[in-house]
Amino acid sequence: GIAPELVPAALWAAAFSGGAPVAREAMSAIKASSEAEFRIAAIQALAAARDPAAIAEIEEFIASGALTVRETRTYLREVFADAERRAGAWTWLRKDFKRLSAPVPEEGRSRFIALAAKLCTGQAHAEIEWYFKPMVDELVGAPRVFANTLETVDRCVSWRKARGPELAAALRQP
């Protein structure tokens, strides 16, 4: 077998390259397991999927309510932390927001807004404002989280404009 400390990396590599069949196996294993450590590692690994069919099946699994609130949050944090998956995760979050947020206690729903702080594009501020602003007054703690999220996005975009070319040039140095 695999050394216990390598299980998360092996799961990630399998999800990254294995496509829908591996994603289905991982989801079945998550459903069948009551071991929290394995479940979290496998859920984190699902965020590594790159195959569109696998991603669609994973998103349905996550939104279906099959996981605990903590496990769902873990997946969302992982997928928003992944630069390659972030834009797709943002689209999915908006599409399935009602399903994803339904099991979350009201006082925890503003955390969904904070996920968007990872978006660092010129249009992100307007998209976040358009989507979440109508909800801000209804979500406990949302005004501060909303303001912080927009500020984080604005700072990231400004930093990229100011320092991005310099960093890219430094990374190209032999």
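Here the structure is a predicted model, which is why all the values come from computation and not from measurement.

A word on the pattern of salt bridges
Applying the stated criterion across every chain yields a total of nine salt bridges. Asp 82 serves as the salt-bridge partner of Arg 50, at 2.8 Å between the closest nitrogen and oxygen. Highlighted residues: Arg 50 in the loop between helix 2 (36–46) and helix 3 (52–63) and Asp 82 in the loop between helix 4 (69–81) and helix 5 (86–95), separated in sequence by 32 residues. Exposure remark for Arg 50: the relative accessible area of 24% places this residue in the partly exposed category. A relative accessible area of 15% means that Asp 82 is categorised as buried. Here Arg 99 ties to Glu 60 by a salt bridge, and the two come within 2.8 Å at their closest N and O atoms.

A look at the state of the cysteines
Going through the model one piece at a time under the given rule, you end up with one disulfide. Covalent S-S linkage joins Cys 120 and Cys 156, the inter-sulfur distance amounting to 1.8 Å. Taking the sign of the S-S torsion, about -105° here, the bridge from Cys 120 to Cys 156 comes out left-handed. Residue Cys 120 is found in the loop between helix 7 (111–115) and helix 8 (124–132), and its partner Cys 156 is found in helix 9 (residues 142–172); the two are separated by 36 residues along the sequence. Classification of Cys 120 by relative accessible area gives buried; the value is 8%. Among the residues examined, Cys 156 registers a relative accessible area of 28% and is labelled partly exposed.

Comments concerning helix 3
Here helix 3 contains twelve residues, and its C-alpha end-to-end distance of 16 Å stays within 8% of the 16 Å for a straight helix at 1.5 Å per residue. All buried positions along helix 3 are accounted for by Ala 54, Ile 55, Ile 58, Glu 59, Phe 61, Ile 62 and Ala 63. Looking at the buried side of helix 3, the elements it contacts are helix 1 (7–32), helix 2, helix 4, helix 5 and helix 6 (97–101). At the C-terminal side of helix 3, Gly 65 shows a positive phi close to 90°.

A word on the packing of aromatic side chains
By convention here, two paired aromatic rings are described through the distance between centres and the angle between planes. Applying the stated criterion across every chain, the model contains nine aromatic pairs. Between the aromatic rings of Phe 97 and Tyr 131, the centroid separation amounts to 6.0 Å while the plane-to-plane angle is 80°, which identifies the pairing as edge-to-face. Of this pair, Phe 97 sits in helix 6 while Tyr 131 sits in helix 8, placing them 34 residues apart in sequence. Judged on exposure class, the residue Phe 97 and its partner Tyr 131 are both buried. Arranged with centres 5.0 Å apart and planes meeting at 85°, the rings of Tyr 131 and Phe 132 form a pair that is edge-to-face.

Reading guide: rules and limits
Residues numbered from 1 in each chain as written. Predicted model: local features only at pLDDT ≥ 70, side-chain atom pairs only at ≥ 80, totals over all residues. Heavy atoms only, no water. Salt bridge = Lys/Arg side-chain N within 4 Å of Asp/Glu carboxyl O. Helix = DSSP H or I, 4+ residues; strand = E, 2+ residues; numbered from the N terminus. Buried < 20%, exposed > 50% of the residue type's maximum accessible area, 1.4 Å probe, protein only. Disulfide = S-S within 2.5 Å. Expected span 1.5 Å × (residues − 1). Contact = heavy atoms within 4.5 Å. Phe/Tyr/Trp six-rings, centres within 6.5 Å; stacked < 30°, edge-to-face > 60°.

Note that all results are geometric; they support no functional claim without further evidence.
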